[in-house]
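Fold and contact review
Residue-level listing of the chains:
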Amino acid sequence: MQTKIMVADDSQMVRQQVRSALAGAGFSVIEAHDGADALSKLDQSGVALLVLDVNMPNMNGLELLEALHKKDEYAKLAVVMLTTEGQPKLMQQAKALGAKGWIIKPFKPEQLVAVAQKLTATTAA
Amino acid sequence: MSTLKDQAETFVELRECLVAASHELFDAYGMKTQYSPGGAIDPWSDAVMAVIGYAAEGLRGAVVLITAPHVVEQLRPEVLRLGSDVGSDLALRDVLGEFANMLIGRVKNKLLARGLAPLLATPTTFSGSEIQLPVPRSGMSAWHRFSSEAGEIYVRLDATLDANFILPPRQEHVVPPLAEGEMVMF
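Since this is a predicted model, take the numbers as computed values, not measurements.

What about the interface of chain B and chain A?
In many reports, interface size means the accessible area that the parts give up when they come together. With 32 residues of chain B at the contact, the number on the chain A side is 32 residues. Carbon and sulfur atoms make up 59% of the surface buried where chain B meets chain A, a total of about 2700 Å² over both sides. For the pair chain B and chain A, the interface holds 2 salt bridges. Salt-bridge contacts for A:Glu85 lead to B:Lys108; the nearest nitrogen and oxygen are separated by 2.6 Å. Put simply, chain B and chain A have 13 residue pairs in polar contact (both at pLDDT 80 or more) between them. For the side of chain B that touches chain A, the element with the highest residue contribution is helix H3 (residues 89–112) of chain B, accounting for 12 residues. Of the residues belonging to the side of chain B that touches chain A, the class tally is 19 nonpolar, 5 polar and 8 charged. Taken together, the 3 bridges between strand S5 (residues 101–104) of chain A and strand S8 (residues 183–185) of chain B define a ladder with antiparallel strand orientation.

Looking at the sheet that holds strand S1 (residues 4–8) of chain A
Taken together, 6 strands build an open sheet; the order of strands is S2(A)-S1(A)-S3(A)-S4(A)-S5(A)-S8(B) and the sheet is mixed. The open sheet has two edge strands, strand S2 (28–32) of chain A together with S8 of chain B, and neither has a second partner. Each strand axis lies, on average, 20 degrees off the axis of its neighbour in the sheet, ignoring direction. Together, S1, S2 and strand S4 (78–83) of chain A form the strand contacts of helix H1 (residues 12–23) of chain A, whose direction differs from that of S2(A) by roughly 170 degrees.

Focus on H3(B)
Helix length check: H3(B) (24 residues) gives 34 Å between terminal C-alpha atoms against 34 Å at 1.5 Å per residue, within 8%. Of all 24 residues in H3(B), 20 are buried; the element is thus mostly enclosed.

Thoughts on the packing of helix H1 (residues 4–28) of chain B against H3(B)
All names here are of chain B. Running from N to C, H1 and H3 point in directions that differ by 130 degrees, and their axes come no closer than 9 Å. Between H1 and H3, the angle falls in the class oblique. The two elements H1 and H3 cross, and the hand of that crossing is right-handed. Where H1 approaches H3, its residues Leu14, Cys17, Leu18, Ala20, Ala21, Ser22, Glu24, Leu25 and Ala28 are matched on the opposing element by Phe99, Met102, Leu103, Arg106, Val107, Lys110 and Leu111. For the contact of H1 with H3, a count of residues per class yields 12 nonpolar, 1 polar and 3 charged.

Section: the pairing of strand S3 (residues 59–67) of chain B
Successive side chains on a regular strand alternate, one facing one side of the sheet and the next facing the other. Residues and elements named next belong to chain B. Where burial is concerned, most of S3 is hidden: 7 out of the 9 residues are buried. Summarising the sheet, strand S2 (residues 47–56) and S3 pair through 9 bridges and their orientation is antiparallel. Looking at S3, one finds that Ala50 is bridged to Leu65. A loop of 2 residues connects S2 with S3, the two strands running antiparallel in sequence, and Gly58 in this loop sits at a positive phi of about 90 degrees. Bridge analysis of S3 against strand S7 (residues 152–161) gives 9 bridges, and the strand direction is antiparallel. Among the inter-strand pairings, Thr67 is bridged to a residue of S7, identified as Ile153.

Cut-off values and rules
Residues numbered from 1 in each chain as written. Chains lettered and ligands numbered in written order. Predicted model: local features only at pLDDT ≥ 70, side-chain atom pairs only at ≥ 80, totals over all residues. Heavy atoms only, no water. Contact = heavy atoms within 4.5 Å. Buried area = accessible area lost by both parts, 1.4 Å probe. Salt bridge = Lys/Arg side-chain N within 4 Å of Asp/Glu carboxyl O. Polar contact = N/O pair within 3.5 Å; in protein donor to acceptor, adjacent residues only side chain to side chain. Helix = DSSP H or I, 4+ residues; strand = E, 2+ residues; numbered from the N terminus. Nonpolar A, V, L, I, M, F, W, Y, C, P; charged D, E, K, R; others polar. Pairing = 2+ DSSP bridges. Axes fitted to C-alpha atoms, helices over the stretch in contact; angles between N-to-C directions. Expected span 1.5 Å × (residues − 1). Buried < 20%, exposed > 50% of the residue type's maximum accessible area, 1.4 Å probe, protein only. Parallel < 35°, antiparallel > 145°, perpendicular 65-115°, else oblique. Left-handed = near helix turned anticlockwise from the far one by under 90°.

Such coordinate-based values are descriptive only and should not be taken to indicate function.
Structure follows, in structure tokens:
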């Protein structure tokens, strides 16, 4: 069975880039266009890794991370941030809320695949 | 309190950040550009536009990108140029919106080195013909032209500075933020 990864980003271009990179490496990719959409789609989805933007409408990435952090059922969900933001304060906030990594756009496809393979292997173990 | 001259000098520094960030971004997507300040926008029959607001203590404004649809298509990553939505209005606005997002992110990273961390909005985009943008009623505003083989990209910086706003000098002791394309695992 393919490992499921969700990408939450308000840019269709970024979602397509992530899908292209990860689907090519054998992952199944689910898309969400903002934090609220991601939260509604995560339930019962079996997603192992969430690739999460920070600045999004409705619910931003850090707000979603905080919401997930409060729910036991998402304790094993790995999250990596993919954003244009490089502010150390935001990175510390994400780390405190359980994020496993932080990538500054634009990303390199092979870099994202390596991160996905590492984090989903950890989750599965 | 800063004088009008101080504010003008600050605006020049912000413009320099914007121009450097624009070159870096277009380069990263394989588009070689030549910069020239100002310039009047040609009345294209069709154009795509993206705008993102920003705000820090004492400073607020927006960054505007406007260009022709075929230029946006050139900015689209090669791997996505074969999709079914190529050339659609939604896809073009999305691409330029993400470029606006990445551009203002790069500007913010440059300002972080000076101890300034503006909050960023999400992009608003639209397309149409004969788009006209009024000059902001307050603050300062300037156009920047980036010429490429594909065509012109215009970037406008709007900034309103409070009377007591001073752009801090570069802080040598500040650890530079991650650069674009870099990552860290926690």
